[in-house]
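One-letter residues, chain by chain:
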Amino acid sequence: MKAEVISFTAHGALLAQKLAEELPKKSISCRAWIKKRDAVPLERVEVLTTSLKGWTGERFAEADLLIFIGAAGIAVRSIAPFVKSKKTDPAVLVIDEQGRHVISLLSGHIGGANAMTRLAAKILGAEPVITTATDLHGTFAVDAFAAGRGLYMDSMEYAREIAAELVAGKRVGMRSAWPVMGPVPEELDREGTPLVGFAVDVRAVRPFAHTLHLVPRITVLGVGCRRDTDAAHLKNVVLQVLKEHHVCPESVCRIVSIDLKKEEKGILALADSLGVPFETYTSEELEQAESEDGFSESDFVRSVTGVGNVCERAALKGAGGKRLLIRKTAQGGVTVAAAVMDYTVCMED
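Everything numeric in this text was worked out from a predicted model, so none of it was measured. (Residues numbered from 1 in each chain as written. Predicted model: local features only at pLDDT ≥ 70, side-chain atom pairs only at ≥ 80, totals over all residues. Heavy atoms only, no water.)

**Regarding the environment of Phe 68**
- Locating Phe 68 in the fold gives a position in strand S4 (residues 65-69).
- Among all residues touching Phe 68, those that are not within four sequence positions of it are Ile 6, Phe 8, Leu 52, Trp 55, Thr 56, Ala 75, Ser 78, Ile 79, Val 92, Leu 93, Val 94 and Ile 95. (Helix = DSSP H or I, 4+ residues; strand = E, 2+ residues; numbered from the N terminus. Contact = heavy atoms within 4.5 Å.)

**Things to note about the packing of helix H2 (residues 52-62) against helix H3 (residues 72-79)**
- Put simply, H2 and H3 touch, their axes get as near as 9 Å, and they point 65° apart. By the criterion of interaxial angle, the relationship of H2 to H3 is roughly perpendicular. The chirality of how H2 crosses H3 is right-handed. Contacts between H2 and H3 involve Leu 52, Thr 56 and Phe 60 from the first element and Ile 74, Ser 78 and Ile 79 from the second. (Axes fitted to C-alpha atoms, helices over the stretch in contact; angles between N-to-C directions. Parallel < 35°, antiparallel > 145°, perpendicular 65-115°, else oblique. Left-handed = near helix turned anticlockwise from the far one by under 90°.)

**Describing the pairing of strand S15 (residues 252-258)**
- The element S15 is extensively covered by neighbouring structure, given that seven of its seven residues are classed as buried.
- By the bridge criterion, four bridges tie strand S14 (residues 219-225) to S15 in an arrangement that is parallel. Residue pairing across strands places Leu 221 opposite Ile 255, the latter belonging to S15.
- Viewed along the sheet, the connection from S14 through helix H8 (residues 231-244) into S15 turns out right-handed. (Buried < 20%, exposed > 50% of the residue type's maximum accessible area, 1.4 Å probe, protein only. Pairing = 2+ DSSP bridges. Right-handed = clockwise from strand over helix to strand, strands pointing away.)

**Thoughts on the packing of H8 against helix H9 (residues 265-274)**
- Orientation of H8 relative to H9, taken along the N-to-C sense of each, is 60°, at an axis distance of 8 Å. In terms of orientation, H8 and H9 fall into the oblique class. Relative to H9, the crossing made by H8 is right-handed. Judged by residue contacts, Ala 231, Leu 234, Lys 235 and Val 238 of H8 engage Gly 266, Ile 267, Ala 269, Leu 270 and Ser 273 from H9.
- Split by residue class, the contact of H8 with H9 holds six nonpolar, two polar and one charged. (Nonpolar A, V, L, I, M, F, W, Y, C, P; charged D, E, K, R; others polar.)

**Let's talk about the environment of Ala 204**
- Its place among the elements puts Ala 204 in the loop between strand S12 (196-200) and strand S13 (210-215).
- Its relative accessible area of 37% is what places Ala 204 among the partly exposed residues.
- Not counting chain neighbours up to four residues away, the residues in contact with Ala 204 comprise His 213, His 246 and Cys 248.

Structure follows, in structure tokens:
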């Protein structure tokens, strides 16, 4: 995690220095600044000579956490031109110049501002100020739950609806395709069918009329293709196969194939478009893969690659399992299979 701190007074700079010293102990890299014409730099605090707007714009795009030590109005006016979405905006905190209060200003749950507020307050001996309703009511926060586990959340509308139901004292539904570890909050109904709820799954299942999908990134795609297959065609086939099996593309964590395909432009382009790594295995490594249901073997494929099936074996090898989520599907010179890695839903942070 990357944090940037800006202060505006000599005393504020002392607070910035303390944060710059302590946050790295929590695996948070931190760079601290003071915006003051006649400022004397401290050991861990640099003097900012460029505009505050320029500093904010650059850091807003790159940092995970921005901390303003000064008036809340300065922070609000500074970040206003850059605020886009609670899914992507960084966490923003405001700390008064005397270090009495730490305020969670932006991206409290998904960006982690509420958690960072508590941490900064603990470091400075300050009082944390958190205004999100679920935190004030002490109820389950689905967006914080998703963010803390790296789960893709497909609908902010349903997330807000879940929050509203919980704040109103109602229960919401919960389903999981995987084992759940830890105590489940009382307000989550795992057996009934309330109107609104969430499902932790790589598939777009709909157990509730209003279902929020929380998608873990645990799907491994095994892909094979003819040499120099058109990238757009390959991507269309893969996405169509995922759609037909109701598997969310956001669940894909890596793409795998045989080493003969390590320079295949279409597969490389697919991995790049999905933002995941592309990894390959030798034919000997693929032969070691095991499947509970066997493989769709091809003598022709074996004669070319040295192994009777590439996509299924690669998917299982990459996922470290024996059960396929999607068996070999072939279309237009492209073969696709998928497997999922072991996963457990941890209720406690």
